[in-house]
Amino acid sequence: MNFINKLSAAWTSNDSLLCVGLDPDMAKLPAQFQNDPQGIFHFCREIIDATADLACSFKPQIAYFAALSAEDQLEQICAYVREQYPHIPLILDAKRGDIGATARQYAREAYDRYGADAVTVNPYMGSDSVEPYMEWADRGVIILCRTSNAGGSDLQFLDVGGQPLYQHVARLVADKWNSNGQCALVVGATYPEELAQVRAIVGDMPLLVPGIGAQGGDIAATVQSGKTAAGAGMMINSSRAILYAAPQAGEDFASAARRVALETRDAINQHR
């Protein structure tokens, strides 16, 4: 099953557009994981188990693992998702951007080493920075378009032939780069007007949408701007708000994460 088919099935089976981001910060992990050599894996495993029936995808951010020399634990986490929840797409958030042989090695890292169903990439170096990923014809390539950070406007709003650069990227991907039909775009929830414009350009292409939760993106505006006619088409990511949810009476960290994930999924579904 290719990435797009797997994602479409997860939207339906879990009735969810929620992507759960896995950004383990040792300073924020519960005390029982602080001195555990496998603490990152054990923490993420608990989060995965607590939210797997509520998510349309999981998205580990590679920097949180690499900074701690914990790539082996990331491998374990990816293997765990593939073995225990093979119907849930696994997205490696790496934002790679290079050309030729180097890009091919980054693709091998994502698809072969970690077994990801999709990887995020940066299009700044052009089509030959994306083409090597297409050699894995069943895997997703999720391309940065209109990002959720304020500084994204420094470049993404530059005029390119009468249109902002982010719209030019959206058209390139939709019209020229999507040779395998497995591309998606990153568009931030913090800019719902731009999200709607990208949706109008790319049709039903999936959008990975960060920016709700800790970044403050409005769920109702996000869904209304980015959903397809079928009420799907998005992976709306929440990381910190779920991972580090404050436990209420009688809850542990995993129960708190599940509660917030459920609330988020249901809030998204109210506007589909």
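Basis of the calculations
Throughout this description, residue numbers start from 1 for each chain and increase along the sequence as written. Whole-chain, interface and lining totals are the exception, using all residues; otherwise, since this is a predicted model, local features are given only for residues with pLDDT of at least 70 and side-chain atom pairs are given and counted only at 80 or more. Only heavy atoms go into the side-chain values, all of them from the structure, while hydrogens and water stay out. Axis geometry follows a simple rule: fit a line to the C-alpha atoms, using only the stretch in contact for helices, then measure angles between N-to-C directions, giving values from 0 to 180 degrees. Note on conventions: DSSP H or I runs of at least 4 residues are helices, E runs of at least 2 residues are strands, and numbering of each starts at the N terminus. Each angle gets one of four labels, with under 35 degrees taken as roughly parallel, over 145 as roughly antiparallel, 65 to 115 as roughly perpendicular, and the rest as oblique. Left-handed is the label given to a crossing in which the near helix is rotated counterclockwise from the far helix by less than a right angle, and right-handed is the label when the rotation is clockwise. Throughout, a residue-residue contact means that at least one pair of heavy atoms, one from each residue, lies within 4.5 Å. Note on residue categories: nonpolar means Ala, Val, Leu, Ile, Met, Phe, Trp, Tyr, Cys or Pro, charged means Asp, Glu, Lys or Arg, and polar means any other residue, Gly included. Only protein atoms enter the 1 Å grid, on which a cavity is a set of points fitting a 1.4 Å probe that cannot get out and a pocket is an open set with protein on both sides within 12 Å along at least 5 of 7 lines, lining residues being those with an atom within 4 Å of a point. Grid points are joined across faces, edges and corners, and a volume is the space filled by probe spheres set on the points. UniProt positions are given in the numbering used here, feature names are shortened, and annotations may be inferred rather than shown by experiment. For this analysis, a polar contact is any N or O atom pair within 3.5 Å, provided that within protein one partner can donate a hydrogen and the other can accept it, and provided that sequence-adjacent residues contribute only side-chain to side-chain pairs. Aromatic pairing here means that ring centres of Phe, Tyr or Trp (its six-membered ring) are within 6.5 Å. Orientation follows from the plane angle: under 30 degrees is stacked, over 60 is edge-to-face, and everything else is tilted. The buried label applies to any residue whose accessible area, calculated with a 1.4 Å probe on protein chains only, is under 20% of its type's maximum; exposed applies above 50%, and partly exposed to all values in between.

### A few points about the packing of helix H8 (residues 192–202) against helix H9 (residues 219–226)
Now for step 1: Direction vectors running N to C along H8 and H9 enclose 20°, while the axes themselves pass 8 Å from each other. In this view, H8 runs roughly parallel relative to H9, as classed from their interaxial angle. Here the hand of the crossing between H8 and H9 comes out right-handed. Contacts between H8 and H9 involve Pro192, Leu195, Ala196 and Arg199 on the former and, on the latter, Ala221, Thr222, Ser225 and Gly226.
Now for step 2: Class assignment of the residues belonging to the contact of H8 with H9 gives a composition of four nonpolar, three polar and one charged.

### A closer look at the packing of helix H2 (residues 39–51) against helix H4 (residues 71–84)
Now for step 1: Relative orientation of the contacting elements H2 and H4 amounts to 25°, with a least axis distance of 9 Å. As judged from the angle between their axes, H2 and H4 are roughly parallel. Where H2 crosses over H4, the handedness of that crossing is right-handed. Only Gln73, Gln76, Ile77, Tyr80 and Val81 of H4 make contact with H2, whose side of the interface consists of Gly39, Ile40, Phe41, Cys44, Arg45, Ile48 and Asp49.
Now for step 2: Looking at side-chain class alone, the contact of H2 with H4 contains seven nonpolar, three polar and two charged residues.

### Points about the layout of surface pockets
The gaps left among the atoms become clear once a water-sized probe is rolled over them.
Now for step 1: Computed from the structure, the second largest pocket encloses a volume of approximately 320 Å³.
Now for step 2: Lining the second largest pocket are 16 residues, with Asn122, Pro123, Tyr124, Leu165 and Val169 sitting closest to its centre.
Now for step 3: Counting residues per element, the ones that place at least two in the lining of the second largest pocket are strand E5 (140–146), helix H6 (153–156) and helix H7 (165–177).
Now for step 4: The greatest single-element share of the lining of the second largest pocket, amounting to six residues, is contributed by H7.

### Remarks on the UniProt feature "active site" (unreviewed entry) in the protein
Now for step 1: The feature "active site" (unreviewed entry), as annotated in UniProt, sits at Lys95 in this numbering.
Now for step 2: Note that lysine 95 resides in strand E3 (residues 91–96).
Now for step 3: One polar contact links lysine 95 to aspartate 93, side chain to side chain, over a distance of 2.7 Å.

### Some remarks on the side chain of glutamine 73
Now for step 1: Mapped onto the fold, glutamine 73 is located in helix H4.
Now for step 2: Polar contacts involving the side chain of glutamine 73 include one to the main-chain amide nitrogen of isoleucine 40, which spans 3.2 Å.
Now for step 3: Residues within four places of glutamine 73 in sequence aside, it is in contact with Pro37, Gln38, Gly39, Ile40 and Phe41.

### What to know about the packing of aromatic side chains
Now for step 1: The full count for this structure, using the stated rule, is nine aromatic pairs.
Now for step 2: Seen from their ring centres, phenylalanine 41 and tyrosine 80 are 6.3 Å apart, and the 85° between their planes marks the pair as edge-to-face. Of this pair, phenylalanine 41 sits in helix H2 while tyrosine 80 sits in helix H4, placing them 39 residues apart in sequence. In this pair, the class of phenylalanine 41 matches that of tyrosine 80, namely buried.
Now for step 3: Measuring from ring centre to ring centre gives 6.3 Å for tyrosine 80 and tyrosine 85, while their planes differ by 70°; the resulting arrangement is edge-to-face. Of the two residues, tyrosine 80 and tyrosine 85, both sit in the buried class.

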